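Spelled out, the chains give:
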Amino acid sequence: MKLDQKYSGNVFILSSDDYAASRAVIYGMPMDYTVSFRPGSRFGPSRIREVSIGLEEYSPYLDKSLEDITYFDAGDLLLPFGNPGRSLDIIGEYVRGLLADGKFPLGLGGEHLVSWPVIQEVYAKYPDLALIHIDAHADLREQYEGEPLSHSTPVRKAALLMGGKNVYQFGIRSGSREEFKFGRENINFYPFEVLEPLKKVLPELAGRPVYLTIDIDVLDPMCAPGTGTAEAGGITSKELLAAIHAMASSGLNFVGADLVEVAPAYDPTEQTQIVASKLIREMLLGLVK
């Protein structure tokens, strides 16, 4: 697998052709084979890139510009449609190579199961890793209708791999009774809210490598209707941006991130992918050192 190869045509605004000089690498994980409601998030990465042309390069929040950094967009990985096991292997292999090259992996999903092989590879390199998970759903099931490879399981898998007290969850407002019980007993579990509990927790993570995974459905459907499992009662895009900025100003050592579950077909206004694109800009400028 060639790390410096572009796997699809469109790229995120101002991305570089120079893989070697790039600190961060954007890559798409176009998989939605295990979703439990509405498919279509495999088209999210491409559309996020396409609407990025409407972004200003400058972030007034961070007083930084995309012109000031160098990042490579590899496009979407070539995943075998309908084969989640092999697709996860390909994602893991690719991210392992990025980490070996000292890159900051910034993934675009795709359903949330795609984060699982990434977390495995990041944890293999950084055994003292902390995971920040921002989402409407707990993703703490052991299986869904008998299937352990499901978009409802990646954080349960991560907790079993890393130890639940290394996992921090925010914004959760949907899940089974068992998931909420498991979260409250085993995870640093902050349901319903994001910004205020996050700001209180960040000092605890000083000196540790941190991986961030965001599901776009943490936003209320009025802000992001284009997602597979929309859930009422969410936060605003303003609050999610503020959460990213809080992490950016924390001084923590972020070693990778992803943004998942954008499903463009359910949002003809394109506001979901426009929000996602801006979030990616702020993550590039705020989290990549």
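Placed above this text is the structure.
Computed from a predicted structure; not experimentally measured.

Cut-off values and rules
Residues numbered from 1 in each chain as written. Predicted model: local features only at pLDDT ≥ 70, side-chain atom pairs only at ≥ 80, totals over all residues. Heavy atoms only, no water. Phe/Tyr/Trp six-rings, centres within 6.5 Å; stacked < 30°, edge-to-face > 60°. Helix = DSSP H or I, 4+ residues; strand = E, 2+ residues; numbered from the N terminus. Buried < 20%, exposed > 50% of the residue type's maximum accessible area, 1.4 Å probe, protein only. Pairing = 2+ DSSP bridges. Axes fitted to C-alpha atoms, helices over the stretch in contact; angles between N-to-C directions. Contact = heavy atoms within 4.5 Å. Parallel < 35°, antiparallel > 145°, perpendicular 65-115°, else oblique. Left-handed = near helix turned anticlockwise from the far one by under 90°. Nonpolar A, V, L, I, M, F, W, Y, C, P; charged D, E, K, R; others polar.

Peer 1: Looking at this structure, I do not really get the packing of aromatic side chains. What am I missing?
Peer 2: Within this structure, the stated rule accounts for five aromatic pairs. Judged by centre distance (5.6 Å) and plane angle (50°), the ring pair of Tyr-27 and Tyr-94 falls under tilted. Of this pair, Tyr-27 sits in strand β1 (residues 24-29) while Tyr-94 sits in helix α2 (residues 84-100); the two residues are 67 residues apart in sequence, bridging distant segments of the chain. For Tyr-94, a relative accessible area of 0% puts it in the buried group. Ring geometry for Phe-170 against Tyr-190: centres 5.2 Å apart, planes inclined by 5°, an arrangement best described as stacked. On the criterion of sequence distance, the pair formed by Phe-170 in strand β7 (residues 167-170) and Tyr-190 in strand β8 (residues 188-190) is long-range, its members being 20 residues apart.

Peer 1: Mind showing me how you'd approach the sheet that holds strand β6 (residues 130-134) here?
Peer 2: The pairing of strands in a sheet happens through backbone hydrogen bonds and is either parallel or antiparallel. Read across the open sheet, the eight strands follow the order β4-β1-β5-β10-β9-β6-β7-β8; overall the sheet is parallel. The sheet is open, and its two edges are formed by β4 (71-76) and β8, each paired on a single side. Within the sheet, the average angular offset between the axes of one strand and its neighbour, ignoring direction, is 15°. The pairing of β1 with strand β5 (residues 104-109) spans six bridges and is classified as parallel. The residue bridging Gly-28 from the neighbouring strand is Leu-108, located in β5. Most of the contacts of helix α3 (residues 115-125) go to strand β9 (residues 209-215), to which it runs at about 175°, and overall it touches β1, β6, β9 and β10 (253-260).

Peer 1: Where do I start with the packing of helix α7 (residues 237-248) against helix α8 (residues 271-287) in this structure?
Peer 2: Between two packed helices, the angle of one axis relative to the other and the distance separating the axes together describe the packing. Relative to each other, α7 and α8 sit at 15°, their axes nearing to 9 Å. The angle between α7 and α8 falls in the class roughly parallel. When the axes of α7 and α8 are compared, the crossing they make is right-handed. Of the residues in α8, those touching α7 at Ser-237, Leu-240, Leu-241, Ile-244, His-245, Met-247 and Ala-248 are Val-275, Lys-278, Leu-279, Glu-282, Met-283, Gly-286 and Leu-287. Taken together, the residues of the contact of α7 with α8 break down into nine nonpolar, three polar and two charged.

Peer 1: I keep staring at the side chain of Ser-277 and nothing clicks. Help me out?
Peer 2: Structurally, Ser-277 is set in helix α8. Taking relative accessible area as the criterion, Ser-277 reaches 1% and is therefore assigned buried. When sequence neighbours within four positions are dropped, the list of residues in contact with Ser-277 reads Phe-12, Ile-48, Val-51, Ser-52 and Leu-55.

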